[in-house]
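Structural characterization, general
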Amino acid sequence: MRLVFIGFGEAAYNIASGLKAEGLIDIGAYDRNAADPQLGGLIQQRAAEVGVELFESLEGACQAGEFIACLTSANTALTIAELVIPRLKAEQVYIDMNSAAPTIKADIAQIPRNEGVMVCDAAVMGTVPGNKHKVPMFLAGDGAANFAEAFSPYGMKLTVLDAKAGGASAIKMFKSVIMKGLPQLMFESFEAAVKYGVLNTLVDSLASSLNGKTVEQLADTFTARTMIHAARRSEEMQDVVATLESLGVDAAMSKATVAKLDRLAERNWVELLGADGDKMNYQDAIYSLIENKERGAIDE
């Protein structure tokens, strides 16, 4: 069987449905809840709907699949991998698609395995129900190329990275720093703006600063300049914190910004980056920051 899922919840069901529509017929699954009186009905219904064979045992699923894809949960990813990977034979590929930490994916790749067994760290970079099998994925590990070669012809959007297992999931995690942190900044800013009756004007002002710029342009604008002007910006943000608190708005994000700026201000970045340092691109600025931290110039 070409592909066997461990766990047949919403994500696996949608990916299987999309692959079936593309002509991939050899799909199976094992889900420990398939026989559960409360949970099993939906699992069996979905499997029957898309023609996915449900295995009665984990052992049977492991023996049947050329590609074994785990889609359970982040907290069970390592435990399941420890059960599955030792059962696999040469040429089988284990793909962990869970939203687990990169350290977990690296640990999975270190599980003892038979010669020729491969492991792929797959980071799902979007919502599966809307995209089905076409949801973009980053792949890392020694099984990444095999997985991409086998399933890209079925419309899967798979990008193989030159990285060990954990590298793909690292991208997803670090993207979350921005994508999940930005809404918190908006909440803090927007709540205060409402209390002054200037929400729409604030958004318009943000648009004039941000609209039309690429992420690379914003990174170039923010990174080196923030390092160089950290002390002044910290003072400005302290006024922001005082204002937010006077309005009864939780200023946690702004307080964290002050703390980060104060840490940056401990170094003379004008001297370190040079006279034209504020024109430095974001890559060079970040590498300079890391280099100084590694030298102990900034305490961790």
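Whatever comes next refers back to the structure up there.
These lines cover the structure that appears in this document, whether it is placed above or below.

Scoring rules and cut-offs
- Residues numbered from 1 in each chain as written.
- Predicted model: local features only at pLDDT ≥ 70, side-chain atom pairs only at ≥ 80, totals over all residues.
- Heavy atoms only, no water.
- Helix = DSSP H or I, 4+ residues; strand = E, 2+ residues; numbered from the N terminus.
- Rg over C-alpha atoms; globule rule 2.2 N^0.38 Å.
- Buried < 20%, exposed > 50% of the residue type's maximum accessible area, 1.4 Å probe, protein only.
- Contact = heavy atoms within 4.5 Å.
- Areas by Shrake-Rupley, 256 points an atom, 1.4 Å probe, with all protein chains shown as cover.
- Phe/Tyr/Trp six-rings, centres within 6.5 Å; stacked < 30°, edge-to-face > 60°.
- Axes fitted to C-alpha atoms, helices over the stretch in contact; angles between N-to-C directions.
- Parallel < 35°, antiparallel > 145°, perpendicular 65-115°, else oblique.
- Left-handed = near helix turned anticlockwise from the far one by under 90°.
- Nonpolar A, V, L, I, M, F, W, Y, C, P; charged D, E, K, R; others polar.
- Pairing = 2+ DSSP bridges.
- Right-handed = clockwise from strand over helix to strand, strands pointing away.
- Arc of directions from axis to C-beta.
- Core = buried A, V, L, I, M, F, W, Y, C linked by side-chain atoms within 4.5 Å.

Examining the overall build of the protein
Helices and strands together make up the secondary structure of the protein, namely 14 helices and 8 strands. Here the C-alpha radius of gyration of the protein, 24 Å, is well above what a compact globule of 300 residues would show, namely 19 Å. With respect to the three principal axes, the spread of C-alpha positions in the protein is 65 × 45 × 30 Å. Expressed as a percentage of its 300 residues, the buried residues of the protein come to 37%. Summarising the internal contacts of the protein: among those between residues at least 6 apart in sequence, 66% fall at separations of at least 24. Approximately 16,400 Å² of the protein is accessible, and the part contributed by carbon and sulfur atoms is 54%.

A word on the packing of aromatic side chains
Scanning all chains against the criterion turns up 5 aromatic pairs. With 5.1 Å between their ring centres and 80° between their planes, F67 and F151 make a pair best called edge-to-face. With a gap of 84 residues between them, F67 in strand β4 (residues 67-70) and F151 in helix α7 (residues 144-151) connect regions that are remote in the sequence. Of the residues examined, F151 reaches a relative accessible area of 0% and is grouped as buried. The interplanar angle of 45° and the centroid separation of 6.5 Å between the aromatic rings of F151 and Y154 together place this pair among those described as tilted. Grouped by ring-pair contacts, the aromatic residues F67, F147, F151 and Y154 constitute a single cluster.

Here's the deal with unusual backbone geometry
Of note in the backbone geometry, E91 takes a positive phi value of approximately 80° without being a glycine. Its location among the elements puts E91 in the loop between α4 (77-84) and β5 (93-96). Of the residues examined, E91 reaches a relative accessible area of 56% and is grouped as exposed. Positioned with a positive phi, K132 is a non-glycine residue whose angle comes to about 55°. Judged by relative accessible area, which is 32%, K132 ranks as partly exposed.

Some remarks on the packing of helix α11 (residues 230-246) against helix α12 (residues 252-264)
α12 packs onto α11 with a crossing angle of 160° between their chain directions and a minimal axis gap of 9 Å. It follows that α11 is roughly antiparallel to α12 by the angle criterion. Here α11 and α12 pass one another in a crossing that is left-handed. From α11, A230, R233, S234, M237, Q238, V240, V241, L244 and E245 reach across to α12, where they touch S254, K255, T257, V258, L261, D262 and L264. Of the residues that constitute the contact of α11 with α12, the class distribution is 8 nonpolar, 4 polar and 4 charged.

Focus on the pairing of strand β1 (residues 3-6)
On β1, burial covers both faces: L3 and F5 on one face and V4 and I6 on the other are all buried. The pairing of β1 with strand β2 (residues 27-30) spans 4 bridges and is parallel. Bridge pairing in β2 places V4 opposite G28. Remark: the β1/helix α1 (residues 10-21)/β2 crossover connection has right-handed handedness. Bridging between β1 and β4 involves 4 bridges; their strand directions are parallel. Looking at β4, one finds that F5 is bridged to A69.

Describing the sheet that holds β4
Taken together, the 8 strands give an open sheet; going across it, the order is β3-β2-β1-β4-β5-β6-β7-β8, and neighbouring strands pair in mixed fashion. Single-partner strands in this sheet number two, and they are β3 (53-54) and β8 (158-160). Contacts from α1 reach β1, β2 and β7 (137-140), with the element oriented near 165° to β1. This element, helix α5 (residues 102-109), spans β5 and β6 (118-124) of the sheet and lies at about 165° to β6.

Re α4
Buried residues of α4: A77, I80, A81 and V84, and no others. Projected down its long axis, α4 shows its buried positions confined to an angular sector of 100°, all on one face. Structurally, α4 contributes buried residues whose contacts are with β1, α3 (58-64), β4, β5 and α5.

So, the nonpolar core
Core analysis: the largest hydrophobic core is formed by 37 residues, its most contacted members being F5, F8, M97, M137, F147 and F151. In this structure, I6, F55, A61 and A77 belong to the second largest nonpolar core, which totals 23 residues.

A short note on the pairing of β2
Residues I27 and A29 line one face of β2 and the alternating positions G28 and Y30 line the opposite face, and both faces are buried. The pairing of β2 with β3 spans 2 bridges and is classified as parallel. Bridging across to β3, G28 finds its partner in E53. The handedness of the β2 to β3 crossover, carried by helix α2 (residues 40-50), is right-handed.

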